[in-house]
Structures are given as C-alpha cells and as structure tokens.
Amino acid sequence: MEILELAKRFIDCLGEGDVEGARNCFHEDAEIWHDFDGKTQTREENLATLVFMMSRTKKREYEILRLEEIQGGYLQRHTLHVTSQSDETYSAEALVIVTVKDDKIARIEEFLNPAPLLPALRAA
C-alpha cells in the first residue's frame, strides 16, 4: 500500500469510527505519542481513546489541510471537528508526524491542544 493511501484510509477509519479498520492500519507494536501530556500510548490504548470519543460524540470529521509523504512516513495537518451529543460543534488543530513500517503505522507523534474538544467529551 502506498504511504498516502494508508494515511487516507486511516483518517477515514477514524472519522467513521471504524475501530477494526483503524487497528488494521497500525503495526502491532505501534506507539502514539502526544505533546499535550508527553505520554506514549500503545495501539490498543489509542483505539480505546477512539471508542471513548465515539461514545461521547455524534460525528467526527477530519479536515485535511496538508498531507505529504516524508522520508519513512508522512506529515499531516488537520482540523478535527466533533459534534457533541447536544449537536454543538467543537474543533481543534493538529499536526501528526507518522512513521510507517511494513506498510503499517509504526509511530505517531501528535501535536494537539485538546482543550477546545473537552466540552464535547464530557458526559452527556
């Protein structure tokens, strides 16, 4: 699979809430690092975050602002728009640097301020 095809498939799975599809995009020992807390998640921990987000929101849309292949992976800048259970929309900008190994996502370095999304993630 081409690197940018993988990028598009992965973001489509996230937006659609396709957990198994997203899992299949990840290398089994993938790491996902976030700048906002400095922590690194496993693939399964990151997918649990997706499941949590799906339980608290009606819709998730990734507006791709920049996507380009770089050595060993890809760089993507996007705006994440989420619609809360009460139909309010919240957005946050993000930048991810993704390392690809064996046609799978091996590492994501995510730069995101999640604060604008928090109202949508509170219990309904």
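On a predicted model such as this, the values are computed, not experimentally measured, just so you know. (Residues numbered from 1 in each chain as written. Predicted model: local features only at pLDDT ≥ 70, side-chain atom pairs only at ≥ 80, totals over all residues. Heavy atoms only, no water.)

Caption draft 1: The environment of Thr40, seen in detail. With respect to the helices and strands, Thr40 occurs in strand S2 (residues 40-42). The sequence separation of Thr40 and Glu5 amounts to 35 residues, and the corresponding C-alpha distance is 25 Å. Here Thr40 is in contact with Glu31, Ile32, Trp33, Glu45 and Arg107, once residues within four sequence places are set aside. (Helix = DSSP H or I, 4+ residues; strand = E, 2+ residues; numbered from the N terminus. Contact = heavy atoms within 4.5 Å.)

Caption draft 2: Spatial organisation of the packing of aromatic side chains. In the structure shown here, the tally under the stated rule is two aromatic pairs. Each ring, one from Phe10 and one from Phe26, has its centre 5.2 Å from the other, and the planes form 75 degrees; the classification is edge-to-face. One end of the pair, Phe10, is in helix H1 (residues 3-16); the other, Phe26, is in strand S1 (residues 26-34), and 16 residues separate them in sequence. Both residues of the pair, Phe10 and Phe26, belong to the buried class. On the basis of an interplanar angle of 70 degrees and a centroid distance of 5.4 Å, the ring pair of Trp33 and Phe111 is categorised as edge-to-face. In this pair, Trp33 sits in strand S1 while Phe111 sits in strand S6 (residues 104-112), placing the two residues 78 residues apart along the sequence. (Phe/Tyr/Trp six-rings, centres within 6.5 Å; stacked < 30°, edge-to-face > 60°. Buried < 20%, exposed > 50% of the residue type's maximum accessible area, 1.4 Å probe, protein only.)

Caption draft 3: Spotlight on the nonpolar core. By size, the foremost hydrophobic cluster in this structure holds 32 residues, and its most contacted members are Phe10, Phe26, Tyr74, Ile105 and Ile108. Those elements giving two or more residues to this core turn out to be H1, helix H2 (19-25), S1, helix H3 (43-56), strand S4 (73-84), strand S5 (89-101), S6 and helix H4 (118-121). Considering every element that reaches this core, the biggest residue donor is H1, with seven residues. Once residues within four sequence positions are removed from consideration, Ile108 is found in contact with Phe10, Phe26, Glu31, Ile32, Trp33, Val96, Ile97 and Val98. (Core = buried A, V, L, I, M, F, W, Y, C linked by side-chain atoms within 4.5 Å.)

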